[in-house]
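Coordinate inspection notes
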Amino acid sequence: DAGVIQSPRHEVTEMGQEVTLRCKPISGHNSLFWYRQTMMRGLELLIYFNNNVPIDDSGMPEDRFSAKMPNASFSTLKIQPSEPRDSAVYFCATRGGVNTGELFFGEGSRLTVL
Amino acid sequence: RKEVEQDPGPFNVPEGATVAFNCTYSNSASQSFFWYRQDCRKEPKLLMSVYSSGNEDGRFTAQLNRASQYISLLIRDSKLSDSATYLCVVRDSGGGADGLTFGKGTHLIIQP
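Overview of the structure. Within any chain, residue numbers begin from 1 and follow the written order of that chain's sequence. Here chains are named by letter from A upward and ligands by number from 1 upward, in the order in which they appear as written. The predicted nature of this model means local features are confined to residues of pLDDT at least 70 and side-chain atom pairs, given and counted, to a pLDDT of 80 or more, with totals for whole chains, interfaces and linings taken over all residues. Calculation of side-chain values draws on the structure's entire complement of heavy atoms; hydrogens and water are dropped beforehand.

A look at the pairing of strand E11 (residues 109–113) of chain A
Residue and element names in this part refer to chain A. Side chains Ser109, Leu111 and Val113 of E11 all project onto a buried face; the interleaved residues Arg110 and Thr112 project onto a face where none is buried. By this definition, two strands are paired if DSSP reports at least two bridges between them. Only DSSP runs of H or I with at least four residues qualify as helices, and only runs of E with at least two residues qualify as strands; both kinds are numbered from the N terminus onward. Pairing analysis gives four bridges linking strand E2 (residues 10–13) to E11, with the strands arranged parallel. Considered in E11, the bridge of His10 is made with Arg110. As defined by bridge partners, strand E9 (residues 88–95) adjoins E11 across three bridges and the pair is classed as antiparallel. Across the sheet, Val89 pairs through a bridge with Arg110, a residue of E11. Exposure classes here rest on a 1.4 Å probe applied to the protein chains alone. A residue is buried below 20% of its type maximum, exposed above 50%, and partly exposed in between.

What to know about the nonpolar core
Ranked by internal contacts, the top residues of the largest apolar core, which has 22 residues, are Phe21, Trp35, Ile71, Leu73, Ile75, Tyr86 and Leu108 of chain B. Working rule for contacts: check all heavy atoms of both residues, and any pair within 4.5 Å makes them a contact. Setting aside residues no more than four positions away along its own chain, Ile71 of chain B makes contact with Phe21, Asn22, Cys23, Tyr25, Phe33, Phe34, Trp35, Val50, Gln63, Leu64 and Cys88 of chain B. Here, the term nonpolar core denotes a set of buried Ala, Val, Leu, Ile, Met, Phe, Trp, Tyr and Cys residues that are joined through side-chain atoms within 4.5 Å. If you look at the next biggest cluster of nonpolar residues, it comprises 21 residues, including Val4, Val19, Met60 and Ala67 of chain A.

Quick look at the pairing of strand E8 (residues 70–75) of chain B
All names here are of chain B. For strand E3 (residues 19–25) and E8, the ladder comprises six bridges, and the chain directions are antiparallel. Each bridged residue has a counterpart across the sheet, and for Phe21 the counterpart in E8 is Leu73. Connecting the antiparallel pair strand E7 (residues 60–65) and E8 is a turn made up of four residues, with Gln69 showing a positive phi of about 60 degrees.

A closer look at the sheet that holds E7 of chain B
In any sheet, the strands associate via hydrogen bonds between backbone groups, in a parallel or an antiparallel arrangement. Residue and element names in this part refer to chain B. Reading across the sheet, the five strands line up as E1-E3-E8-E7-E6 and stay open at both edges, with antiparallel pairing between neighbours. Across the chains shown, the open sheet's two edge strands, defined by having one partner strand only, are strand E1 (4–6) and strand E6 (55–57). The average angle at which neighbouring strand axes cross in this sheet is 20 degrees, direction not considered. Sheet topology note: the E7/E8 ladder contains six bridges and is antiparallel. Its bridge partner lying in E8, Ala62 is registered against Leu73. Note on geometry: axes are lines fitted to C-alpha atoms, helical ones only across the stretch in contact, with angles between N-to-C directions running from 0 to 180 degrees.

Here you go:
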């Protein structure tokens, strides 16, 4: 298996622009997580899906952030409009079962908002 | 608020030395514990789970102290390749809703 695949790996955009980050989970993994990592705040959980259904989105900073998982093979995280404080590395991670603590992370999407 | 606290370091350690660092957690009901490793500009990866009785994986030993609410990671005979950030992860009993809380990590630098 190729693992969790994220795109783009890097994105530089200007404040106010829409940003869409994409994730392809490991086949068969039914839990998907979006995390954001910064030096100041570490890894923060943004949203968690189980069987394509959003279970916990309490970590989504504000209405500018939205996430979807239209099917078991694809998820998106969208920021509209983007702001400089959104600059971070965004990780998608998946888990094979609810009873395991092992998350498999993608390589991350490094976002810079100017 | 769930808290998982780690000394950010960096810990500068000569190659071959033994190094240990701790992580404290605030929720006494926490059920499961893990150490993840994150290399510079890479994604986190599971290093090892932490079991109640303590466990070893090669040069790595993890221990849990429930009474004092901390877990530890000890690395023996450290290698240059051990240089990384080590993330402590705690899972609460409500694991169905994720329940995983990551510490901010301890940065380890092994020096030749």
